[in-house]
Amino acid sequence: MKEYAVVGASSGTGLAITHLLASQGHTVRAIARKPPAATEFIKPVIADIGKPETIAAALAGELEAVFFTVDIHKAFASRQLIRSVMFDGFVNVLGAAKQNTRLPRIILLSVMGPGKSSLTWHLLNLAKRGMQKNIVDREQVLMESGLPYMILRAPRLVDVLENGIETTRPATAAMLSAHANHRLDMKRTIARPDLAIAMLAAATSAPTDSVWDVYGSDAGPVPAWLK
């Protein structure tokens, strides 16, 4: 089976993608400072995106795609720390990916409406200073990297629970091209299991060098590569 890497695999969407890949029999390098435990298909890799040498070793060799899902969870962290995690760390990942003979596809988890102001963005920038600029800069550096990429811009993320247990269910994500450029608000959401499914579909089937807004809905339009 194919081999993938998930940077930021310890929790949230990164962990959901890791489990989804493993459930389909793919080998997945689960990269984080505290990665999940090893299984038949999950290879835990300890690495720090702030240290280029460790991330270069983690991404060495042939990979189908690299998923970048890293976020900073500490509220009111310094502007410098947020920049180092959200932007500088991503630049280190791109540098490591470029060292491979066969360039992997980069699947970037981004945030909806980075070029539009909104109350939600204002609140996020208060909690995570400079976040919106980091999201914009991160997308731009990927587009200029020369690496094949797909960017998925997500709204507010939620968990799907059945009897208190997170569960994966068929994706109901309506996908719209970035030309629609939805404004970020608290009303649109997507469940992390759905987002994981959409990101894996993007890695395998979406047009190269494309950007998508993704949110949970039973109403269209849904692109052919997600169906």
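Use the structure listed above.
All values reported here derive from a predicted model rather than from experimental measurement. (Residues numbered from 1 in each chain as written. Predicted model: local features only at pLDDT ≥ 70, side-chain atom pairs only at ≥ 80, totals over all residues. Heavy atoms only, no water.)

Participant: Break down unusual backbone geometry for me, with residues and values.
Facilitator: Although it is not a glycine, Asp 209 sits at a positive phi angle of roughly 60°. On the secondary structure map, Asp 209 appears in the loop between helix H6 (192–205) and strand E12 (210–216). Using a relative accessible area of 42% as the deciding quantity, one classes Asp 209 as partly exposed. (Helix = DSSP H or I, 4+ residues; strand = E, 2+ residues; numbered from the N terminus. Buried < 20%, exposed > 50% of the residue type's maximum accessible area, 1.4 Å probe, protein only.)

Participant: I'd love a proper account of the packing of aromatic side chains, names of residues and values included.
Facilitator: Evaluated as defined, the whole model comprises 3 aromatic pairs. The cationic tip of Arg 83 hangs over the ring face of Phe 87; the distance from NZ or CZ to the ring centre is 3.9 Å. The ring of Tyr 215 has Arg 188 lying over it, and the distance from NZ or CZ to the ring centre is 5.2 Å. (Phe/Tyr/Trp six-rings, centres within 6.5 Å; stacked < 30°, edge-to-face > 60°. Lys NZ or Arg CZ within 6 Å of the ring centre and 35° of its normal.)

Participant: How would you sum up the pairing of strand E4 (residues 65–68)? Please name residues and give values.
Facilitator: Residue alternation in E4 divides its side chains into two sets, Ala 65 and Phe 67 and Val 66 and Phe 68, and both sets are buried. Direction of pairing for strand E1 (residues 3–7) relative to E4: parallel, over a ladder of 4 bridges. Bridge assignment links Val 7 to a residue of E4, and that residue is Phe 68. In this sheet, strand E5 (residues 105–111) lies alongside E4 in parallel orientation, the contact comprising 4 bridges. Bridging from a neighbouring strand, Val 66 pairs with Ile 106 of E5. You can see the chain leave E4, run along helix H3 (residues 79–98) and come back into E5, and the turn it takes is right-handed. (Pairing = 2+ DSSP bridges. Right-handed = clockwise from strand over helix to strand, strands pointing away.)

Participant: Please give an account of the pattern of salt bridges that cites residues and values.
Facilitator: On inspection of all chains with the given rule, the structure shows 10 salt bridges. Of the charged contacts in the structure, one is a salt bridge between Lys 133 and Asp 137, with a shortest N-O distance of 3.0 Å. Of this pair, Lys 133 and Asp 137 both sit in helix H5 (residues 131–143), separated by 4 residues, roughly a single helical turn. Overall, the relative accessible area of 18% leaves Asp 137 in the buried class. Note that Asp 185 and Arg 188 form a salt bridge whose closest N and O atoms lie 3.8 Å from each other. Judged by relative accessible area, which is 26%, Asp 185 ranks as partly exposed. Here the salt bridges do not stand alone but share partners, grouping Glu 62, Glu 64, Arg 102 and Arg 105 into one network. (Salt bridge = Lys/Arg side-chain N within 4 Å of Asp/Glu carboxyl O.)

Participant: Talk me through H3; I want residue IDs and the actual numbers.
Facilitator: With 20 residues, H3 extends 28 Å from end C-alpha to end C-alpha; this agrees with the ideal 28 Å at 1.5 Å per step. The largest bend in H3 is about 35°, located at Val 85. Burial in H3 covers these residues: Ile 82, Val 85, Met 86, Phe 87, Gly 89, Phe 90, Val 93, Leu 94, Ala 96 and Ala 97. At its buried positions, H3 is contacted by E1, helix H2 (52–58), E4, E5 and H5. (Expected span 1.5 Å × (residues − 1). Bend = angle between axes of the 7 residues up to and from the residue. Contact = heavy atoms within 4.5 Å.)

Participant: Run through the side chain of His 182, naming residues and quoting values.
Facilitator: Along the chain, His 182 turns up in the loop between strand E10 (173–177) and strand E11 (189–191). Reaching out from His 182, the side chain makes a polar contact with the side chain of Asp 213 at a distance of 2.9 Å. (Polar contact = N/O pair within 3.5 Å; in protein donor to acceptor, adjacent residues only side chain to side chain.)

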